[in-house]
Amino acid sequence: MARRLPLYRPGVPMARLSGTALYWIGFFLVCLGSLSAAILQRGILGLGAGTTLDQLAQAMKPGGDAMGWVTGAVLCALASAPAVPIYAKLLYEGFSRAAGHRRLLVRLALCALVSEIPYDLAMSGRFLDLQVQNPVWGLLLCAVTLEILQMWRFPSPAGNAVFRGLVSVAALLWALLLRIYMGGLLLALVLLFHFARSRKWVWMLGGSLITLLHFPAPLGMVFVHWYDGEREEEPGWLFYALYPLQLLVFGAAGMLLA
């Protein structure tokens, strides 16, 4: 007898991903971005902040020796973009389910601080580059924003709406002033998950539209859609330590190749 396939039910994902699986997928995508910037672009191609237009055009010349490396660098950089909505979702889920937020804030702050020099080393080849800050600062800003929104509430709906709007705009300005890489996009996604938490179709559609400017980042919303929402044990310090470690490894390798 032929086996009957399960019927598809609207609203039920065809695939399911645990929180741990999302962490590993996001980490793998981030590693692709570090590989593109540190090893392929700076180490092998010799492209950096001081690259001239002539050098860039020569590297991208069809049939040139570097054309394959340029293609690989572009593909790896594009493949890392879907990590943004994944980490935004993980941050929101971790914040909303944590019994106390102090430990989460401390871990994010320490990870952002420890990652700054390795991030500058991997992305620009310098030990300190104040032109852009690593995206963990953006996750920390998102967590602080959620904490403020949760701590202060007003009895009137209008007062709450005005307060939330002011806090959201202020946080976005801080992300721009501090020059946090992808900080504004991370904040917009986390706020969308927060304000539309009970309406999945709203944050799925809104997240896909918001991330269109950083295509193919909308593909990350597919992994978010597959997230099963099950509460799991907190990953502890493992993923907080892996992020600066991979930056350090790729950054050092890029310097050696350069």
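Since we're looking at a predicted model, the values are computed, not measured.

Draft legend 1. Looking closely at the overall build of the protein. Assigned secondary structure in the protein consists of 11 helices and zero strands. Restricting to contacts in the protein with at least 6 residues of sequence separation, those with at least 24 account for 76%. As displayed, the protein has an accessible area near 14,800 Å², and 69% of this comes from carbon and sulfur atoms.

Draft legend 2. Quick peek at the environment of Gly-207. Note on placement: Gly-207 falls in helix α9 (residues 200-210). By relative accessible area, which is 0% here, Gly-207 ends up buried. Separated by 14 residues in the primary sequence, Gly-207 and Phe-193 place their C-alpha atoms 8.6 Å from one another. Among residues more than four places away in sequence, those in contact with Gly-207 are Leu-189, Leu-192 and Met-221.

Draft legend 3. Representation of the packing of aromatic side chains within the structure. Applying the stated criterion to the full structure yields seven aromatic pairs. Judged by centre distance (4.8 Å) and plane angle (20 degrees), the ring pair of Tyr-23 and Phe-239 falls under stacked. You can see Tyr-23 sitting in helix α1 (residues 19-44) and its partner Phe-239 sitting in helix α11 (residues 238-257), a full 216 residues away along the chain. Residue class for Phe-239 comes out buried when judged on its relative accessible area of 12%. Put simply, the rings of Tyr-23, Trp-24, Phe-27 and Phe-239 pair up and form one aromatic cluster. Its guanidinium or amino end placed over the ring of Phe-193, Lys-89 lies 5.1 Å from that ring's centre, counting from NZ or CZ.

Draft legend 4. How the structure looks around helix α3 (residues 67-79). For α3, built from 13 residues, the straight-helix expectation of 18 Å at 1.5 Å per residue is met to within 8% by its first-to-last C-alpha distance of 18 Å. Regarding α3, the residues found buried are Val-70, Ala-73 and Cys-76. All buried residues of α3 project into a common sector of 135 degrees when viewed along the axis, lining one side. Facing away from the buried side of α3, by more than 90 degrees, are the exposed residues Gly-68 and Leu-75.

Draft legend 5. Geometry of the nonpolar core. Counting 58 residues, the largest nonpolar core has Tyr-87, Leu-91, Leu-108, Phe-193, Trp-203 and Tyr-243 as its most contacted members. Those residues within four positions of Tyr-243 in sequence are excluded, and the remaining contacts are Phe-27, Val-30, Cys-111, Ser-115, Tyr-119, Asn-134, Pro-135 and Val-136.

Draft legend 6. Summary view of the environment of Ala-112. Structurally, Ala-112 can be placed in helix α5 (residues 102-124). For Ala-112 and Trp-137, which are 25 residues apart along the polypeptide, the C-alpha to C-alpha distance reads 5.4 Å. With residues near it in sequence (within four places) discarded, Ala-112 still touches Asn-134, Val-136 and Trp-137.

Draft legend 7. Representation of the packing of helix α6 (residues 136-151) against helix α8 (residues 183-195) within the structure. Closest axis-to-axis distance for the α6/α8 pair is 9 Å, and the angle between their directions is 35 degrees. Between α6 and α8 the crossing geometry is right-handed. Residues Gly-138, Leu-139, Cys-142, Thr-145, Leu-146 and Leu-149 of α6 form the contact with α8, whose own contacting residues are Gly-183, Leu-186, Leu-187, Val-190, Leu-191, His-194 and Phe-195.

Draft legend 8. Structural detail: the packing of helix α4 (residues 83-97) against α6. Interaxial distance between α4 and α6 falls to 10 Å at its minimum, and their mutual angle equals 40 degrees. It follows that α4 is oblique to α6 by the angle criterion. Note on packing geometry: the crossing formed by α4 with α6 is right-handed. Between α4 and α6, the residues in contact are Tyr-87, Leu-91, Tyr-92 and Phe-95 and Leu-139, Cys-142, Ala-143, Leu-146, Glu-147 and Gln-150, respectively.

Thresholds applied
- Residues numbered from 1 in each chain as written.
- Predicted model: local features only at pLDDT ≥ 70, side-chain atom pairs only at ≥ 80, totals over all residues.
- Heavy atoms only, no water.
- Helix = DSSP H or I, 4+ residues; strand = E, 2+ residues; numbered from the N terminus.
- Contact = heavy atoms within 4.5 Å.
- Areas by Shrake-Rupley, 256 points an atom, 1.4 Å probe, with all protein chains shown as cover.
- Buried < 20%, exposed > 50% of the residue type's maximum accessible area, 1.4 Å probe, protein only.
- Phe/Tyr/Trp six-rings, centres within 6.5 Å; stacked < 30°, edge-to-face > 60°.
- Lys NZ or Arg CZ within 6 Å of the ring centre and 35° of its normal.
- Expected span 1.5 Å × (residues − 1).
- Arc of directions from axis to C-beta.
- Core = buried A, V, L, I, M, F, W, Y, C linked by side-chain atoms within 4.5 Å.
- Axes fitted to C-alpha atoms, helices over the stretch in contact; angles between N-to-C directions.
- Left-handed = near helix turned anticlockwise from the far one by under 90°.
- Parallel < 35°, antiparallel > 145°, perpendicular 65-115°, else oblique.

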